[in-house]
Amino acid sequence: MTQASPLDLSIQSLTATGSSIDLLASSSSDLSQANTMALACLADTVVTLTDEAQLDNFMTAYAEGTAHKIPLFVLSGGSNVLLPAELNAIVLQPKMRGIDIIDQTDDYVDIEVMAGENWHDLVVHTVNQGWYGLENLALIPGLTGAAPVQNIGAYGVQLEDCLQYVRAYHLPTQTWHHLSASDCAFGYRDSIFKRTPNTWLISRVGFRLHTDPNNILASYGDVQTIAQRYADQQGRKLPTPHDVMQAIIDIRQQKLPDPKQLPNCGSFFQNPIIAQEQFMALQAIYPTIVGYPMPDAMTKVAAGWLIEQAGLKGGGVAPIVTHQQQALVLTNHTPYQATQEDVAIAQHYIANTVYEKFAIQLSREPVWINADGSTGSTEHVV
Ligand SMILES: Cc1cc2nc3c(=O)[nH]c(=O)nc-3n(C[C@H](O)[C@H](O)[C@H](O)COP(=O)(O)OP(=O)(O)OC[C@H]3O[C@@H](n4cnc5c(N)ncnc54)[C@H](O)[C@@H]3O)c2cc1C
């Protein structure tokens, strides 16, 4: 891993022609602090991009040199990936910054945000400006460029509700594209970018945000109650989007471990969707089972409840165990040492235990990255 890769040769030749791309790439980078699960990971080459022209330059060098045989992998905040111990790919890290106002009326403001902007900071910034719509997505880790990939969602809002377009680079053809929200083909935690991994590099995201402080969505869980408390403290009759954001920050800080304190990648398992018939049969045995009706006679079951009832709250296979307060979250107790393999062992143990008890298969939510930068499938893990 420490030997010169074919990419180094391209970098050297670029240096000779006076390009600054050599300053952007480094060999054999340690990425264990670049993923919130804190898994040990060494990558062959990391290329940091701080503007779009650098990507054009890099891709020209990549395509013309021998490096084009090395796969590319896009990494942002590392909060939704399970990285391998050795990543034999060229890692592209979009770190372009900037927030521009594109259009503004009394009712709305259109902004364009560069991929490298921290997502939570963007949410706080927009709400403080009086631009609303993103407040329910506060405290989701990661960078803005990654947000469209799984159409991030929380507390009744999904990214697609405010997203207008994405500017993205198509890596196979080395061309820039303007993709409308419908081009992105968003679904629940899904998009064209997730379905075709390492094909697109998102560099800008366009949003339309509204300016009506009375237009809030606070119907989830305790959001309304806590937001109202904030409103009362300020002598306001009704909660504002700022109160909603603060309520959601409070709830998330209580409910979810901070990856900086205890490494994790958020919800590890998806909530499984089973036939209503199976759900009712389980309900007869376990009256407290948590489920939400879905179309086509299906029911979405709370994976956290299943894991907890299988006796695995705080359990797993050390050093990867479920969180004491939130069984859906897997935590890493030996940061920068535990590997993807340790996660696989714990994942299989938990999923098998749940399957034996409930005959329900659990699927993983974070993206499994193979040694060549390709992504693992979201196959059932039992
Ligand atoms: C504590 C915690 C809580 C979370 N809560 C939520 C939640 O409530 N809702 C939710 O939806 N998610 C949640 N997540 C998951 C995660 O934060 C989001 O998916 C986030 O958008 C990932 O951003 P990132 O920058 O870390 O992406 P990364 O993990 O770096 O990348 C994720 C995927 O996107 C691809 N990618 C990244 N950037 C780009 C780009 N610019 N262009 C193209 N592809 C790209 C990567 O190749 C990878 O496949 C949570 C995670 C944690 C750790």
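Residues numbered from 1 in each chain as written. Predicted model: local features only at pLDDT ≥ 70, side-chain atom pairs only at ≥ 80, totals over all residues. Heavy atoms only, no water.

### With respect to the packing of helix H5 (residues 223-233) against helix H6 (residues 241-255)
Remark: H5 packs on H6, axes separated minimally by 8 Å, with the N-to-C direction vectors making an angle of 125°. Classified by the angle their axes make, H5 and H6 are oblique. Seen from above, H5 lies across H6 with right-handed handedness. Seen from H5, the contacting residues are Val 223, Ile 226, Ala 227, Tyr 230 and Ala 231; seen from H6, they are Asp 243, Val 244, Gln 246, Ala 247, Ile 248, Asp 250 and Ile 251. A breakdown of the residues in the contact of H5 with H6 according to their chemical character gives nine nonpolar, one polar and two charged. (Axes fitted to C-alpha atoms, helices over the stretch in contact; angles between N-to-C directions. Helix = DSSP H or I, 4+ residues; strand = E, 2+ residues; numbered from the N terminus. Parallel < 35°, antiparallel > 145°, perpendicular 65-115°, else oblique. Left-handed = near helix turned anticlockwise from the far one by under 90°. Contact = heavy atoms within 4.5 Å. Nonpolar A, V, L, I, M, F, W, Y, C, P; charged D, E, K, R; others polar.)

### Observations regarding the sheet that holds strand E15 (residues 291-294)
In space, the three strands of this open sheet follow the order E14-E16-E15, with antiparallel pairing throughout. Since the sheet does not close on itself, it has two edges, and those belong to strand E14 (273-275) and E15, each with one partner. Each strand of the sheet is rotated relative to its neighbour by a mean of 35°, with strand direction disregarded. Helix H7 (residues 276-285) rests against E14, E15 and strand E16 (298-301) of the sheet, and its axis sits at about 85° to E14. (Pairing = 2+ DSSP bridges.)

### A closer look at the side chain of Thr 322
With respect to the helices and strands, the residue Thr 322 is situated in strand E18 (residues 320-322). In this structure Thr 322 comes out as buried when scored by relative accessible area, which is 2%. A distance of 2.5 Å separates a polar side-chain atom of Thr 322 from the backbone oxygen of Leu 312. Residues contacting Thr 322, with those up to four places away along its chain left out, are Ile 307, Leu 312, Lys 313, Gly 314, Gly 315, Ala 327, Val 329, Leu 330, Thr 331 and Ile 350. (Buried < 20%, exposed > 50% of the residue type's maximum accessible area, 1.4 Å probe, protein only. Polar contact = N/O pair within 3.5 Å; in protein donor to acceptor, adjacent residues only side chain to side chain.)

### What about the domain arrangement of the chain?
The assigned domain composition of the chain is domain 1 (6-94), domain 2 (99-255) and domain 3 (264-368). Contacts between the two partners involve 14 residues from domain 1, matched on the other side by 18 residues from domain 3. Between domain 1 and domain 3, the buried area comes to about 1300 Å², and carbon and sulfur atoms account for 61% of it. There are zero salt bridges connecting domain 1 and domain 3. On the surface where domain 1 and domain 3 come into contact, there are eight residue pairs in polar contact (both at pLDDT 80 or more). Here the side of domain 1 that touches domain 3 is composed, by residue class, of nine nonpolar, five polar and no charged. (Domains from an automatic or database assignment. Buried area = accessible area lost by both parts, 1.4 Å probe. Salt bridge = Lys/Arg side-chain N within 4 Å of Asp/Glu carboxyl O.)

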